[in-house]
Amino acid sequence: MSQLEELIAVWLPRQRWFSGKGIPIQQIRVENFHTLASAGPDGPDLHLLVVRSGQRGRSSRYQVLLGSRAPRSLPPDLARAAIGVCPVSGKRQRVIYDAACDGDLTGMLLERFASPGGNGQVRFRTLPGERIRTGAAGRMLTGEQSNTSLVFGEDYVLKTFRRLWPGPNPDLELNCALSGSPYVARPCGWIEADLPGYAAPTTLAMLQTYIPGAMDGWVLATTNVWALLEGTGPERQSAFTEEAALLGRTTAEVHRSLAKALPTDVLSPTAVAELADAMVERLAMASAEVPELADYAHLVMEAYADFSQVDEPLPIQRIHGDYHLGQVIRTGAGGWVLLDFEGEPTVPVRERQRLSSPLRDVAGMLRSFDYAAGYLLVDHPSDPGLEWAARSWARHNREAFCRGYADGGGADPEKHLAVLRAFEFDKAVYEVLYEARNRPNWLRVPLESIATAVSVPPAAR
Ligand SMILES: Nc1ncnc2c1ncn2[C@@H]1O[C@H](COP(=O)(O)OP(=O)(O)O)[C@@H](O)[C@H]1O
Ligand SMILES: O=P(O)(O)O[C@H]1O[C@H](CO)[C@@H](O[C@H]2O[C@H](CO)[C@@H](O)[C@H](O)[C@H]2O)[C@H](O)[C@H]1O
């Protein structure tokens, strides 16, 4: 390993967006190294690296944005971003650091969109008619992110995809298909690269309009549960059920637009049974990694057995794929906007691009209402009164969301309970793995859902 690779091997696993947690890193290799911008011999340089990490035969590619400067020239406010000191790109000793934290450097990324194109290995593209306003420094969004988003003034957000998969990223693909919809942020451009071994260009980042002043659905929902738990009244709860119903209607609208813009199909009962088999396989894999899950496997298997017996055709289309409250924002103008159509970040892109039932997204959002309630109980583990209040919050909002979805023209979730329950369990099983790897103290949230709420159809709760 080079000195640069050794430093990255220590830094990479500590990043929130690194999805290889739990898999020992045996190899780190810098596969691609591009210098995208340079502020002269003494100023900072911006490098883009594609790093392969993991084990032989089981490795993944990640995008790393690296800054480099002359030794001892890192400004104090960037000290926390430092990675180490090593030779970089023909220059002798350089201090290297996480460029996402350096607003001036990421501002140079935005500059590159002003004169898009190029035939090099890394290309900046804009959608027809887009003229990018430059000059703003980048501000990195913090929080529970699988990728890294940089906000420029009140104009744009550049989402840099961290784990790289071959080909166009579904987030870009679906946002472009939905362009013009009031329920998504308008896509403006993207960065793509040719990576060794991949035939199609790989999307590295997507530039979208930024929606200032919007509130994250997860923050809104958990604030509402808190208010309820603190006894500030049921009227606050009803305020949120209206939001949940509007979100249901908006979801149905977006599904309709996706079905209009992109291919659709219908799954035969045999194909549905195959889908149930795949769910059983995922359950077995997750139970092997998280033994606590095995205690509830019989409940999950019952739901999958019911699903495999569904004898009506199941309409399928492109869907969001990782739909939850953290993927929707409530705008000042009074509506919900859907973000992050990337699908589940740990699933290979080819699988995420498959057509699927829109009820999978409905199930994802229903899980999220359970999560908002269950998460707040993590700190109050044995208070039956609180537990009842939180669970009833989830039930009311789940019902409101389903009603809104059906009113908005989507399939009525109440009429497809076997399908919905199987999708909910499948998502909860995914969440068990996700939490075990990323946030072990949240593991009980999906586990408790599996043990209790998800096992009962919404109508009977
Ligand atoms: N266009 C946008 N306008 C306003 N906020 C945004 C926009 N895009 C993303 N965000 C904020 O960034 C957060 C993370 O974005 P997201 O696309 O979900 O990234 P990730 O895949 O890393 O989770 C969102 O929850 C939202 O708060
Ligand atoms: O938003 P991402 O694409 O990064 O999705 C991943 O991380 C999510 C957590 O940040 C995770 O969502 C789970 O936790 C949410 C609360 O933080 C909750 O609202 C979701 O219902 C729950 O699934 C998501 O599963 C994962 O893919």
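Note that the structure is a prediction, hence the values are computed from the model and not measured. (Residues numbered from 1 in each chain as written. Chains lettered and ligands numbered in written order. Predicted model: local features only at pLDDT ≥ 70, side-chain atom pairs only at ≥ 80, totals over all residues. Heavy atoms only, no water.)

(A) Layout of the side chain of Gln 208. Take Gln 208: it is sitting in strand S12 (residues 202-209). Aside from chain neighbours lying at most four places away, what touches Gln 208 is Asp 155, Tyr 156, Val 157, Asn 175, Ala 185, Arg 186, Pro 187 and Cys 188. (Helix = DSSP H or I, 4+ residues; strand = E, 2+ residues; numbered from the N terminus. Contact = heavy atoms within 4.5 Å.)

(B) Expanded view of the packing of aromatic side chains. Scanning the entire structure with this criterion turns up 13 aromatic pairs. When the ring of Phe 307 is compared with that of Phe 423, the centres are 5.7 Å apart and the planes differ by 55 degrees; the resulting orientation is tilted. Here the residue Phe 307 occupies a position in helix H7 (residues 297-308), and Phe 423 occupies one in helix H11 (residues 417-438), the gap between them amounting to 116 residues. This pair shows no difference in class: Phe 307 is buried, exactly as Phe 423 is. Joined through ring pairs, the aromatic side chains of Trp 11, Trp 17, Phe 18 and Tyr 62 make up one cluster. Stacked on the ring of Trp 336, the Lys or Arg Arg 330 has its end atom at 5.9 Å from the ring centre. (Phe/Tyr/Trp six-rings, centres within 6.5 Å; stacked < 30°, edge-to-face > 60°. Buried < 20%, exposed > 50% of the residue type's maximum accessible area, 1.4 Å probe, protein only. Lys NZ or Arg CZ within 6 Å of the ring centre and 35° of its normal.)

(C) A look at the sheet that holds strand S7 (residues 138-140). A sheet is described by the order of its strands in space; here six strands give the open sequence S6-S11-S12-S9-S8-S7, paired in antiparallel fashion. Two strands in the sheet have a free side with no partner beyond their single neighbour: strand S6 (122-126) and S7. Averaged over neighbouring strand pairs, the angle between their axes works out to 20 degrees when direction is ignored. With five bridges connecting them, S6 and strand S11 (residues 187-193) associate as antiparallel partners. By the bridge assignment for S11, Phe 124 is matched with Ile 191. Running over the sheet, helix H3 (residues 170-177) touches strand S9 (156-160), S11 and S12 and is turned about 40 degrees from S12. (Pairing = 2+ DSSP bridges. Axes fitted to C-alpha atoms, helices over the stretch in contact; angles between N-to-C directions.)

(D) Representation of the domain arrangement of the chain in the model. If you check the domain split of the chain, you get domain 1 (3-98), domain 2 (104-209) and domain 3 (215-460). Averaged C-alpha coordinates put domain 1 and domain 3 at centres separated by 36 Å. Taken together, the contacts link four residues of domain 1 with four residues of domain 3. Counting each side, the surface lost to burial between domain 1 and domain 3 is near 350 Å², with a carbon and sulfur contribution of 38%. The tally of links between domain 1 and domain 3 comes to zero salt bridges. Here the residues of the side of domain 1 that touches domain 3 are counted per class, giving one nonpolar, one polar and two charged. (Domains from an automatic or database assignment. Buried area = accessible area lost by both parts, 1.4 Å probe. Salt bridge = Lys/Arg side-chain N within 4 Å of Asp/Glu carboxyl O. Nonpolar A, V, L, I, M, F, W, Y, C, P; charged D, E, K, R; others polar.)

(E) Layout of the site of ligand 2. Of all residues adjacent to ligand 2, which total 17 residues, the nearest are Ser 146, Ser 368, Tyr 430, Glu 431 and Tyr 434. Glu 431 has a polar side-chain atom sitting 2.7 Å from an oxygen atom of ligand 2. Burial of ligand 2 by the surrounding chains reaches 95%, relative to a free accessible area of 530 Å². Broken down by secondary-structure element, the contributors of at least two residues to the shell around ligand 2 are helix H9 (359-377) and H11. The leading source of residues in the shell around ligand 2 is H11, at four residues. Each residue belonging to the shell around ligand 2 can be placed in one class, and the counts come to six nonpolar, four polar and seven charged. (Near = heavy atom within 4 Å. Polar contact = N/O pair within 3.5 Å; in protein donor to acceptor, adjacent residues only side chain to side chain. Areas by Shrake-Rupley, 256 points an atom, 1.4 Å probe, with all protein chains shown as cover.)

(F) Inspection of the nonpolar core at higher detail. Grouped together as the largest cluster of nonpolar side chains are 72 residues, with contacts concentrated most on Phe 307, Trp 393 and Phe 401. It is H9 that provides the largest number of residues to this core, a total of eleven residues. In terms of domain composition, this core takes at least three residues from each of domain 2 (104-209) and domain 3 (215-460). When residues no more than four places from it in sequence are discounted, the contact partners of Phe 401 are Ala 244, Ala 245, Leu 247, Gly 248, Thr 251, Tyr 323, Val 362, Met 365, Leu 366 and Phe 369. (Core = buried A, V, L, I, M, F, W, Y, C linked by side-chain atoms within 4.5 Å.)

(G) Inspection of the site of ligand 1 at higher detail. The immediate surroundings of ligand 1 are formed by 16 residues, with Gln 145, Asn 147, Thr 209, Ile 211 and Asp 340 found nearest. Ser 146 is positioned such that a nitrogen or oxygen atom in its backbone is 3.2 Å from an oxygen atom of ligand 1. A distance of 2.8 Å separates an oxygen atom of ligand 1 from a polar backbone atom of Asn 147. Compared with its free state, where it exposes 550 Å², ligand 1 has 88% of that area covered by protein.

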